Amino acid sequence: MYAVQVILPYLVRALVLTIAFEVPLSLFFLNRRTWRELLVVALAQVVTNPTVELVCIAFRWSMAAPLLSTSWFALAIAEVAAFVVEALLYRVSCITDYPWRMSAALNAASFGIGLLLGIIRAALFAI
């Protein structure tokens, strides 16, 4: 019951935010900028984002207090795995000439924005 009431909405929100951020950013890397290419980027997030978020939950990673989190290693492994899987999906689907760069840029930007949003949220609710 806990997963349905708390974790599932969290996973959906994280996925929607990630797709909303990474799909437009991917336009800088895509070859033709077709709906198919955008769909590949969105589906890559569907494959990897929930896994990374579940690792964060399992290891109690906190975007609100990232420097106090003891799970940097687990998060790093999950992020590197997501980077590799996404790059391979981009490469196999031939949507970009730079799948590794695209995956690295999208993941770094998405992680940075997520970190920033978590810190802002924590600061707003701490007031």
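Just so you know, these numbers come straight off a predicted model, no measurement behind them. (Residues numbered from 1 in each chain as written. Predicted model: local features only at pLDDT ≥ 70, side-chain atom pairs only at ≥ 80, totals over all residues. Heavy atoms only, no water.)

Colleague: Just to check I follow, could you spell out the overall build of the protein chain for this structure?
Modeller: Helix and strand counts for the protein chain come out as 4 helices and 0 strands. For the protein chain, the α and β elements follow one another from N to C terminus as α-α-α-α. Counting only residues that meet the buried cut, the protein chain has 35% of its 127 residues in that class. Counting contacts in the protein chain only where the partners sit at least 6 residues apart, residues at least 24 apart contribute 62% of the total. (Helix = DSSP H or I, 4+ residues; strand = E, 2+ residues; numbered from the N terminus. Buried < 20%, exposed > 50% of the residue type's maximum accessible area, 1.4 Å probe, protein only. Contact = heavy atoms within 4.5 Å.)

Colleague: I tried to follow the environment of R33 on my own but got confused; where do I start?
Modeller: Note on placement: R33 falls in the loop between α1 (2–26) and α2 (35–58). With near-sequence residues (within four places) excluded, R33 lies in contact with L27 and F28.

Colleague: Please explain a nonpolar patch on the surface as it appears in this structure.
Modeller: A cluster of nonpolar side chains, contributed by L17, I113, L116, L117, I120, L124 and F125, occupies part of the molecular surface with about 700 Å² of accessible area. Among the elements that line the nonpolar patch, the one with the most residues is helix α4 (residues 99–126), at 6 residues. Locating I113 in the fold gives a position in helix α4. (Patch = residues over 30% accessible without salt bridge, like charges linked within 9 Å, V, L, I, M, F, W, Y side chains within 5 Å. Areas by Shrake-Rupley, 256 points an atom, 1.4 Å probe, with all protein chains shown as cover. Salt bridge = Lys/Arg side-chain N within 4 Å of Asp/Glu carboxyl O.)

Colleague: How should I be thinking about the pattern of salt bridges in this particular structure?
Modeller: Pairing is possible between side chains of opposite charge, provided their charged atoms come close. Scanning the entire structure with this criterion turns up 1 salt bridge. Across the pair E37 and R32 runs a salt bridge whose closest N-O atoms are separated by 3.8 Å. A relative accessible area of 0% places E37 in the buried class.

Colleague: Looking at this structure, how should I read α4?
Modeller: Each α-helix winds once per 3.6 residues, and so residues spaced three or four apart point in a common direction. The terminal C-alpha atoms of α4, which comprises 28 residues, lie 40 Å apart, in line with the 40 Å expected from a rise of 1.5 Å per residue. Buried within α4 we find P99, M102, S103, L106, N107, S110, L115 and G118. (Expected span 1.5 Å × (residues − 1).)

So, to be careful, I would describe these as geometric facts and stop short of saying anything about function.
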